[in-house]
Amino acid sequence: MNKQCFFTSNNIKYIDYKDTEILKKFLNPHARMISRKKSGVCSKSQRQLAEAIKRARFMALLPYLTR
Amino acid sequence: MAEEIKDEAVESEARIYEVGYHIVPLVAEENVPKEAGDVKFLIEKQKGVMISEELPRLHPLAYTIAKTVAGKKHIFDKAYFGWIKFEADATALPAIKEAMEANENVLRFLLIKTVRENTLVSMQKIISQARMDKEGGEKKAPGVGATAEKDKKPVSVEELDKSIDELLK
C-alpha cells in the first residue's frame, strides 16, 4: 500500500515536542516509537519526530515506557 | 561599509531559542505567574527579546520526578509546565542555563534552538480540514495543508482519515 508522510502532507515543517497529541500517534501501546516502515513518515520527518519524542520524554510530557 | 558588515555579523549571532520548564507544585497557584516572571526576567537580563510564551499550568507528569527542596526529598507526579520563546545571542545561553539550574523552584527545564514561527499545530485544525476535504472534494481551505500538491491529495486524505480513526479509538 502506498503511504504518505503525515507531516509532509499536512505541511508541518517543524515538529514541536510540546505537541504531545500528535506525537502520541507515533507511539505504540508500550510507548515505543513506531518505525517509519509502519507509519509511512519520510526520513527527514522521522528524524525530527524522534528528537521531538525524546525531548517530550525528558520533560515528562510523554512516558519512556508503559506496561 | 565596515560597520555594515559588523552589524550583519551581530545580527547573525542572534538566534531563536525556547526554554520549557516545570515549576514544582509546592509553589502556590497564585505565586506561579511570579515564578514565570522570574524566568522571563533572567532572559531579559541577558538581553533576550521575548517572542511568545505560555504561562505555567498544572500538568500531570508522565512519570514521577524526585527533587530535593530545602534539604527534603520530594517526589512529584505533577508540575506547572510553561515555556518562553525568545531571541538571544548564543553567548548569553550559558548564563541563562546556570540561572535556571540555580532556581530551586524549577523542577526540570529544556533549552532548545527553534524557529520564530508558531510551531504548535492544532490537531482540531487537521481533523476539520480532513473533514472539509472529504465533504467538499476539490474545495480546500487555506491552512496547514494548503500548499500540498494536488496529485498527492487522495493519498493524504486516506492517511488523515486513518489518523482520525486512531484518535477516536
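Residues numbered from 1 in each chain as written. Chains lettered and ligands numbered in written order. Predicted model: local features only at pLDDT ≥ 70, side-chain atom pairs only at ≥ 80, totals over all residues. Heavy atoms only, no water.

Draft legend 1. Expanded view of the state of the cysteines. Residue and element names in this part refer to chain A. In total, this model carries zero disulfides over all chains according to the counting rule given. Looking at the unpaired C5, the closest cysteine sulfur is the one in C42, lying at 3.6 Å. Take C5: its relative accessible area is 5%, and that puts it in the buried class. Using a relative accessible area of 26% as the deciding quantity, one classes C42 as partly exposed. (Disulfide = S-S within 2.5 Å. Buried < 20%, exposed > 50% of the residue type's maximum accessible area, 1.4 Å probe, protein only.)

Draft legend 2. The arrangement of the pattern of salt bridges in detail. Enumeration over the complete set of coordinates arrives at seven salt bridges over all chains. Here K18(A) and E18(B) are joined by a salt bridge, their closest N and O atoms 2.6 Å apart. With K18(A) in the loop between α1 (6-9) and α2 (20-23) and E18(B) in strand β1 (residues 14-23), this residue pair bridges two chains. Exposure class is identical for K18(A) and E18(B). Each is buried. Ionic pairing is found between D38(B) and K34(B), a salt bridge with its closest N-O pair at 3.8 Å. (Salt bridge = Lys/Arg side-chain N within 4 Å of Asp/Glu carboxyl O. Helix = DSSP H or I, 4+ residues; strand = E, 2+ residues; numbered from the N terminus.)

Draft legend 3. Quick peek at unusual backbone geometry. The backbone phi angle of N11(A) is positive, close to 55 degrees, even though this residue is not glycine. On the secondary structure map, N11(A) appears in the loop between α1 and α2. Judged by relative accessible area, which is 29%, N11(A) ranks as partly exposed. Residues other than glycine seldom take positive phi values, yet A70(B) does so here, at roughly 50 degrees. Relative to the helices and strands, A70(B) resides in the loop between β2 (49-69) and β3 (72-89). Judged by relative accessible area, A70(B) falls into the exposed class, the value being 69%.

Draft legend 4. The arrangement of a nonpolar patch on the surface in detail. On the surface, F58(A), Y64(A) and L65(A) cluster together into a nonpolar patch covering about 300 Å² of accessible area. Checked against the element boundaries, L65(A) lands in the segment after α4 (43-58). (Patch = residues over 30% accessible without salt bridge, like charges linked within 9 Å, V, L, I, M, F, W, Y side chains within 5 Å. Areas by Shrake-Rupley, 256 points an atom, 1.4 Å probe, with all protein chains shown as cover.)

Draft legend 5. Structural detail: helix α2 (residues 32-45) of chain B. Residue and element names in this part refer to chain B. Under the 1.5 Å per step criterion, the end-to-end length of α2 is 20 Å for 14 residues, consistent within 8% with the ideal 20 Å. Here α2 has its buried residues at V32, E35, A36, V39, L42 and I43. Buried residues along α2 cover an arc of 120 degrees about the axis, so they all sit on one side. Across from the buried face of α2, at angles greater than 90 degrees, the exposed residues are K34, F41 and K45. On its buried face, α2 sits against β1, β2, β3 and α3 (93-102). (Expected span 1.5 Å × (residues − 1). Arc of directions from axis to C-beta. Contact = heavy atoms within 4.5 Å.)

Draft legend 6. Representation of the packing of aromatic side chains in the model. In total, this model carries five aromatic pairs over all chains according to the counting rule given. These aromatic residues form a ring-pair network of at least three members: F6(A), F7(A) and F26(A). The ring centre of F6(A) lies 4.4 Å from the NZ or CZ of K25(A), which sits over that ring. The lysine or arginine in question, R108(B), covers the ring of F58(A), its NZ or CZ lying 4.9 Å from the ring centre. (Phe/Tyr/Trp six-rings, centres within 6.5 Å; stacked < 30°, edge-to-face > 60°. Lys NZ or Arg CZ within 6 Å of the ring centre and 35° of its normal.)

Remember that the coordinates give geometry; whether it matters functionally is a separate question.
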